[in-house]
Amino acid sequence: MSFRIDIISLLPTLIESPFNASILKRAQQKDLVEINIHDLREYGQGKHKQVDDYAFGGGAGMVMLAQPIFECIEKLKKERVYDAIVYTTPDGARFNQKMANKLSLLNNVIILCGHYKGIDQRVRESLITHEISIGDYVLSGGEIAAAVISDAIVRLIPGVLNDGSSALTDSFQDDLLAPPIYTRPANFKGMKVPEILLSGDSKRIDEWRNEQAIEITRSRRPDLFS
Ligand code: ADE
């Protein structure tokens, strides 16, 4: 069974390109993942297909209407069972590798991209199962966050990466940052590759990489040890 991601967005063109190149593209071609992008505007009502309105109580910024979001999600839910309905928002839980790992074990995931001031609170309370932020900064919309989350999930799906162990040696998979890596030539403009990596001694190389990973994590991200 392949993994399915349905992305609901007011700016579908903004999110198409990351899925049409490289690993994400190949994953779809291999039928390991199906990614569908839905234009929320199609679910808006009236001549202008309204999707937003002013906030009750006043204040700057528009709020995404509950009605188009409900209609779009209800339509999708009639077609299959969803394991997670994610909303991308700066006030969500901070995304990390553990969340990506967990989401990659599911089958059908909806990602709703936030815009303007955000969505009507009633959608959050009645439909959304996961509220996710990709970091402590504010983006113009949730599309880039949805692409980040999808990419982090899809590369973990078995068969997506050619080298089965590759995802496991990524930074963060063992709460350590990745060690330095080198490729040919062994001497580039006088800058030499550490001797140990040319030794062919895989046990010592693993030890060296682990030591480097610990050292780099200690200096850059000591919080990962706690
Ligand atoms: N939308 C705007 N900023 C965001 C963020 N940091 N994470 C997720 N969605 C967002």
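What you are looking at is a predicted structure, and each value in this text was computed from that prediction instead of being measured.

### Notes on the domain arrangement of the protein
Then comes step 1: For the protein, the assigned domains are domain 1 (3-154) and domain 2 (174-225).
Then comes step 2: Between the C-alpha centres of domain 1 and domain 2 the distance comes to 37 Å.

### Side note on the pairing of strand 6 (residues 108-113)
Then comes step 1: Taken across its six residues, strand 6 has six buried, putting it largely inside the fold.
Then comes step 2: Of the two faces of strand 6, the one holding Asn108, Ile110 and Leu112 and the one holding Val109, Ile111 and Cys113 are both buried throughout.
Then comes step 3: Taken together, the five bridges between strand 1 (residues 3-9) and strand 6 define a ladder with parallel strand orientation. Considered in strand 6, the bridge of Arg4 is made with Asn108.
Then comes step 4: Remark: the strand 5 (residues 84-94)/helix 4 (residues 97-104)/strand 6 crossover connection has right-handed handedness.

### A few points about the layout of surface pockets
If a probe the size of a water molecule is rolled over the atoms, the empty space left behind becomes visible.
Then comes step 1: Considered as a void within the structure, the largest pocket measures approximately 520 Å³ in volume.
Then comes step 2: Broken down by element, the lining of the largest pocket gets its largest block of residues, four residues, from helix 4.
Then comes step 3: The residues that make up the lining of the largest pocket include at least three from each of domain 1 (3-154) and domain 2 (174-225).

### So, the site of the ligand
Then comes step 1: Taken together, the residues surrounding the ligand are Thr88, Thr89, Pro90, Ile132, Ser133, Ile134, Gly135, Tyr137, Val138, Leu139, Gly141 and Ala145.
Then comes step 2: For the ligand, a nitrogen atom lies 3.2 Å from a polar atom in the backbone of Thr89.
Then comes step 3: Tyr137 is positioned with one of its backbone polar atoms (N or O) 2.8 Å from a nitrogen atom of the ligand.
Then comes step 4: Protein burial of the ligand: of its 260 Å² of free accessible surface, 97% is covered by the chains.
Then comes step 5: At the level of elements, strand 5 and strand 7 (130-133) are the ones that each hand at least two residues to the shell around the ligand.
Then comes step 6: For the shell around the ligand, a count of residues per class yields seven nonpolar, five polar and no charged.

### Notes on the sheet that holds strand 5
Then comes step 1: Taken together, five strands build an open sheet; the order of strands is 2-1-6-5-7 and the sheet is parallel. Two strands in the sheet have a free side with no partner beyond their single neighbour: strand 2 (33-39) and strand 7. Within this sheet the neighbouring strands show an average axis-to-axis angle of 30°, counted without direction.
Then comes step 2: Two strands pair when backbone bridges link them, and strand 5 and strand 6 are joined in this way by five bridges, in the parallel orientation.

### Examining the pattern of salt bridges
Then comes step 1: For the structure shown, the criterion picks out 13 salt bridges.
Then comes step 2: Among the ionic pairs, Glu207 bridges to Lys203, the shortest N-O distance being 3.4 Å. Placement of both Glu207 and Lys203 in helix 7 (residues 202-220) is noted, with a separation of four residues, approximately one turn of the helix.
Then comes step 3: On the accessibility criterion, Glu207 (39% relative accessible area) is partly exposed.
Then comes step 4: What makes Lys203 exposed here is its relative accessible area of 58%.

The rules behind each value
- Residues numbered from 1 in each chain as written.
- Predicted model: local features only at pLDDT ≥ 70, side-chain atom pairs only at ≥ 80, totals over all residues.
- Heavy atoms only, no water.
- Domains from an automatic or database assignment.
- Buried < 20%, exposed > 50% of the residue type's maximum accessible area, 1.4 Å probe, protein only.
- Helix = DSSP H or I, 4+ residues; strand = E, 2+ residues; numbered from the N terminus.
- Pairing = 2+ DSSP bridges.
- Right-handed = clockwise from strand over helix to strand, strands pointing away.
- 1 Å grid on protein atoms, 1.4 Å probe; cavity = no way out; pocket = protein on both sides within 12 Å on 5 of 7 lines; lining within 4 Å.
- Points joined across faces, edges and corners; volume = space filled by probe spheres on them.
- Near = heavy atom within 4 Å.
- Polar contact = N/O pair within 3.5 Å; in protein donor to acceptor, adjacent residues only side chain to side chain.
- Areas by Shrake-Rupley, 256 points an atom, 1.4 Å probe, with all protein chains shown as cover.
- Nonpolar A, V, L, I, M, F, W, Y, C, P; charged D, E, K, R; others polar.
- Axes fitted to C-alpha atoms, helices over the stretch in contact; angles between N-to-C directions.
- Salt bridge = Lys/Arg side-chain N within 4 Å of Asp/Glu carboxyl O.

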